[in-house]
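Geometric and topological summary
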Amino acid sequence: MQTLEAIDAWQALWASRDRLAEQSINGLFAADAGRFEHFSLTAAGILLDYSKQPIDRQTRERLLEVARARDVAGQRDAMLAGEPINESEGRAVLHTALRVPDGGTGWAAPAITREVATTRSRMAELAAAIRDGRRTGATGQPIEHVINIGIGGSDLGPRLVLEALAPLADGPTVHFVANVDGVEWQQAMGQCDPERTLVLVVSKSFGTVETMANAHEAMAWLRRSVPSDTVLERQVLAITANLDRVRELGLDPELALPMWDWVGGRYSLWSAVGFAIMLAIGPTAFDEVLAGAHAMDRHFAEAPLESNMPVLLGLVSIFNGTLLDRRSQAVVPYTERLGRLSAYLQQLVMESNGKSVDRAGHPVSIPTAGAIWGQTGTPGQHAFFQALHQGTDVVPVDFVGVARPVAGERGDPLALTANLFAQSQALMQGRGDADMPAARRCPGNRPSNTILLKALTPATLGALIALYEHRTFVEAAVWGINAFDQFGVELGKVLADELKPLIAGGQAAEGVDGSTAGLIARYRDWRG
Ligand SMILES: O=P(O)(O)OC[C@H]1O[C@H](O)[C@H](O)[C@@H](O)[C@@H]1O
């Protein structure tokens, strides 16, 4: 495969970086009456409009040529076929196999398809029994609360989905505990009757310090509050790929729900990690989330590159981030229901693609993932949009909107949508004639995508998340990096283990740098 730098189309793009950065988006509309049609597409209930990017047909063709030369389609097919594309860990990457409808074949090896189907039906039976009160707590009380203990990929996906689909929730109330500072735990404990609470300990590795500490707290709380010898068996459920460690925590691995090493943590909400979602909205709605993601998978697998939404979204991101050096991207959903989207995408994008060596271990020669951040509109408009309109940095924005309001929800959908469309228009058009004071002028020509969902349903939500997963993959495929390991997060964990006794101990911290020693001393002093 050609390196990026050796590809003619990339060279041509690179050579015209300055011109592309200055390319007038308004001018592109003036030159092409059909621009919206030619630079937008619909798949799985989602419209992507990327016409407000400084990309003309020639630039798009060059970007597609880069994708072809980097064999994005071949890399995609290798992932979908279960080849061990996570080379540094020797693992396949098969989150797409988790969302194949029951009975669907051809997306993973039969053994994997069977395991997935077996686990999904175990989940569905258990969820149905808990939801309708057949499966009670240890003292015969119905389960009314679920505490999901997990962090990172074992937390962010279920949180995002449950906030988005809260109007559909008709099962037990789900509380999330991720941090180890005790705040979320205290809040959860304060709201839950221990005899009516199921604790989910969700951890792929079953070794994450925060999750294990919170699990110990929760188990101690249940033991002292529920007068039954079977409380742990009935009211604590482990969800993990490391069944051996379940026993170490004092739980029965036979009762645990499994996941597998071919599911990355940040790609795992579709597995048993999403059990809290299933408990809250029911197995049928959970299946719809999977079906929506599968619809996007099919589109990604089958659509030609030039009309393939994740491919185009990925190429637009590379155009902005790598080619034009616009190192930060904002994502602004115009519904509070998607308030967690930016936090979710931070893990998905920055943990996957925050890499500086390629798959062969050589330093990359171009910038990979920058920062992704955001907040909902309209509140974000009253906070950071000033910088988007007039700041010195050009920040590409993904606006995410929903056409049909959720039934029964109040609010002013027209005002919301008018703001959503007005912001991307304002960023592009700018404002200012010579008579206007400079402080009031907006430079304009600032790029954005608009991603419009027909409605915020389980299916479109699943498709939206899958869209961003595949966009992330496409970028990694072009850059030649492994999107599926995360060794960078380990060093801090190791050092935290080493520092803990130093911070706790009475003697001077030795063998650490001056700053850390100073901080430890001050911490001890102030802690008293
Ligand atoms: O699910 P777990 O094994 O507990 O891992 C939880 C999270 O922690 C790790 O540090 C990784 O950075 C994440 O990718 C992972 O999702």
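Not measured: the values here are computed from a predicted model. (Residues numbered from 1 in each chain as written. Predicted model: local features only at pLDDT ≥ 70, side-chain atom pairs only at ≥ 80, totals over all residues. Heavy atoms only, no water.)

The next thing to look at is helix α19 (residues 458-479). Note on helix geometry: an α-helix contains 3.6 residues per turn, so any two residues three or four positions apart are oriented the same way. If you check α19, its first and last C-alpha atoms are 32 Å apart, about what 22 residues at 1.5 Å a residue would give, namely 32 Å. Burial analysis of α19 places 21 of its 22 residues in the buried class, the great majority of the element. (Helix = DSSP H or I, 4+ residues; strand = E, 2+ residues; numbered from the N terminus. Expected span 1.5 Å × (residues − 1). Buried < 20%, exposed > 50% of the residue type's maximum accessible area, 1.4 Å probe, protein only.)

Time to look at the site of the ligand. What surrounds the ligand is a group of 13 residues, the closest being Ser203, Ser205, Thr208, Glu351 and Lys493. At a separation of 3.4 Å, an oxygen atom of the ligand approaches a polar side-chain atom of Gln347. Here the ligand has 390 Å² of accessible area as a free molecule, and 87% of this is covered by the chains. Looking at side-chain class alone, the shell around the ligand contains two nonpolar, seven polar and four charged residues. (Near = heavy atom within 4 Å. Polar contact = N/O pair within 3.5 Å; in protein donor to acceptor, adjacent residues only side chain to side chain. Areas by Shrake-Rupley, 256 points an atom, 1.4 Å probe, with all protein chains shown as cover. Nonpolar A, V, L, I, M, F, W, Y, C, P; charged D, E, K, R; others polar.)

Moving on, we get to the pairing of strand β1 (residues 40-43). Pairing of β1 with strand β2 (residues 46-49), which is carried by four bridges, proceeds in the antiparallel orientation. In the sheet register, Leu41 faces β2, and the bridge partner there is Leu48. Once β1 ends, the chain turns through two residues before running back antiparallel as β2, passing Ala44 with a positive phi of about 50°. (Pairing = 2+ DSSP bridges.)

Taken domain by domain, the protein chain comprises domain 1 (4-69 + 303-479), domain 2 (95-286) and domain 3 (489-527). The C-alpha centroid of domain 3 is placed 34 Å from the C-alpha centroid of domain 2. (Domains from an automatic or database assignment.)

How two aromatic rings sit relative to each other is set out by the distance from centre to centre and by the angle between their planes. In the structure shown here, the tally under the stated rule is eleven aromatic pairs. On the numbers, 5.4 Å between centres and 90° between planes, the contact of Trp185 with Trp221 is edge-to-face. Residue Trp185 is located in helix α9 (residues 183-191), and its partner Trp221 is located in helix α10 (residues 209-225); the two are separated by 36 residues in the primary sequence. Aromatic side chains Tyr267 and Phe484 sit 5.2 Å apart centroid to centroid with 55° between the ring planes, which places their arrangement in the tilted category. Of the two residues, Tyr267 is situated in the loop between β7 (257-258) and α13 (275-281) and Phe484 in the loop between α19 and α20 (490-504); the sequence distance between them amounts to 217 residues. Arg76 extends its terminal NZ or CZ atom over the ring of Phe300, reaching a point 5.8 Å from the ring centre. (Phe/Tyr/Trp six-rings, centres within 6.5 Å; stacked < 30°, edge-to-face > 60°. Lys NZ or Arg CZ within 6 Å of the ring centre and 35° of its normal.)

Moving on, we come to the nonpolar core. Looking at soluble globular proteins, one finds that nonpolar side chains tend to be buried together. Within the largest apolar cluster, 118 residues are counted, with the highest numbers of intra-cluster contacts made by Leu200, Phe275 and Ile451. Among the elements that line this core, the one with the most residues is α19, at 13 residues. Counting residues domain by domain, this core receives three or more from each of domain 1 (4-69 + 303-479) and domain 2 (95-286). In this structure Ile451 touches Ile46, Leu47, Leu48, Leu313, Asp398, Phe399, Val400, Gly401, Leu464, Leu467 and Tyr468, once residues within four positions along its chain are discounted. (Core = buried A, V, L, I, M, F, W, Y, C linked by side-chain atoms within 4.5 Å. Contact = heavy atoms within 4.5 Å.)

As recorded in UniProt, the sites labelled "active site" (unreviewed entry) are Glu351, His382 and Lys493. Spatial dispersion of the annotated residues is evident: they stretch over 143 residues in sequence, and the largest pairwise C-alpha distance comes to 37.1 Å. Along the chain, Glu351 falls in helix α16 (residues 341-353). Other than its neighbours up to four places away in sequence, Glu351 contacts Arg266, Gln346, Asp485, Gln486 and Val489. At a separation of 2.9 Å, a polar atom in the side chain of Glu351 contacts the side chain of Arg266. (UniProt positions renumbered as here; feature names shortened; annotations may be inferred.)

Attention now goes to unusual backbone geometry. Outside of glycine, negative phi angles account for most residues, and trans bonds account for most peptide bonds. Following Gly377, the chain continues to Thr378 via a peptide bond in cis, the omega torsion being 5°. Located in the positive-phi region is Ala44, a residue other than glycine, with phi close to 50°. Within the element layout of this structure, Ala44 appears in the loop between β1 and β2. The exposure class of Ala44 is partly exposed, given its relative accessible area of 31%. Even without being glycine, Asp325 reaches a positive phi, approximately 60°. Among the secondary structure elements, Asp325 is positioned in the loop between α15 (309-323) and β8 (328-333).

Attention now moves to the environment of Ala343. Within the secondary structure, Ala343 is located in helix α16. Through-space distance from the C-alpha of Ala343 to that of Trp373 is 7.4 Å; in sequence the pair is 30 residues apart.

Here the protein chain averages 96 in pLDDT, while 100% of its residues score no lower than 70. As a predicted assembly, this complex carries a pTM of 0.97 together with an ipTM value of 0.99. (pLDDT = per-residue confidence, 0-100.)

In this section: the pairing of strand β10 (residues 397-404). For β10, the tally of buried residues reaches six of eight residues, placing the bulk of the element in the interior. With four bridges joining them, β8 and β10 adopt parallel strand pairing. Residue pairing in the sheet places Val331 in a bridge with Asp398 of β10. Note that β10 and strand β11 (residues 448-455) share seven bridges and pair parallel. Residue Val402 lies in a different strand from β11, and its bridge partner there is Leu453. Running through helix α18 (residues 413-429), the crossover from β10 to the neighbouring parallel element β11 is right-handed. (Right-handed = clockwise from strand over helix to strand, strands pointing away.)

A separate point is the sheet that holds β1. Ordered in space as β1-β2-β11-β10-β8-β9, the six strands form an open sheet in which the pairing is mixed. Every other strand in the sheet has two partners, leaving β1 and β9 (371-373) as the edge strands with one partner each. On average, each strand axis in the sheet is tilted by 15° relative to the strand beside it, whichever way the strands run. In terms of strand pairing, β2 meets β11 through four bridges, oriented antiparallel. Along β11, the bridge assignment pairs Asp49 with Thr450. Running over the sheet, α16 touches β8, β9 and β10 and is turned about 165° from β9. (Axes fitted to C-alpha atoms, helices over the stretch in contact; angles between N-to-C directions.)

Bringing the environment of Ala483 into the picture now. With respect to the element layout, Ala483 can be found in the loop between α19 and α20. Here Ala483 falls in the buried class, since its relative accessible area comes to 2%. Remark: the alpha-carbon pair of Ala483 and Leu348, spanning 135 residues in sequence, is separated by 9.3 Å. Apart from residues lying up to four places away in sequence, Ala483 is in contact with Arg266, Tyr267, Ser352, Asn353, Lys355 and Ala476.

Packing of helix α14 (residues 283-302) against α19 leaves a shortest axis separation of 7 Å and a crossing angle of 40°. Relative to α19, α14 is oriented oblique. In this structure, the crossing between α14 and α19 has a hand that is right-handed. Residues Ala285, Glu288, Val289, Gly292, Ala293, Met296, Asp297 and Phe300 of α14 pack against Pro458, Ala459, Gly462, Ala463, Ala466, Leu467, His470, Phe473 and Val474 of α19. Residues of the contact of α14 with α19, tallied by class, amount to twelve nonpolar, three polar and two charged. (Parallel < 35°, antiparallel > 145°, perpendicular 65-115°, else oblique. Left-handed = near helix turned anticlockwise from the far one by under 90°.)

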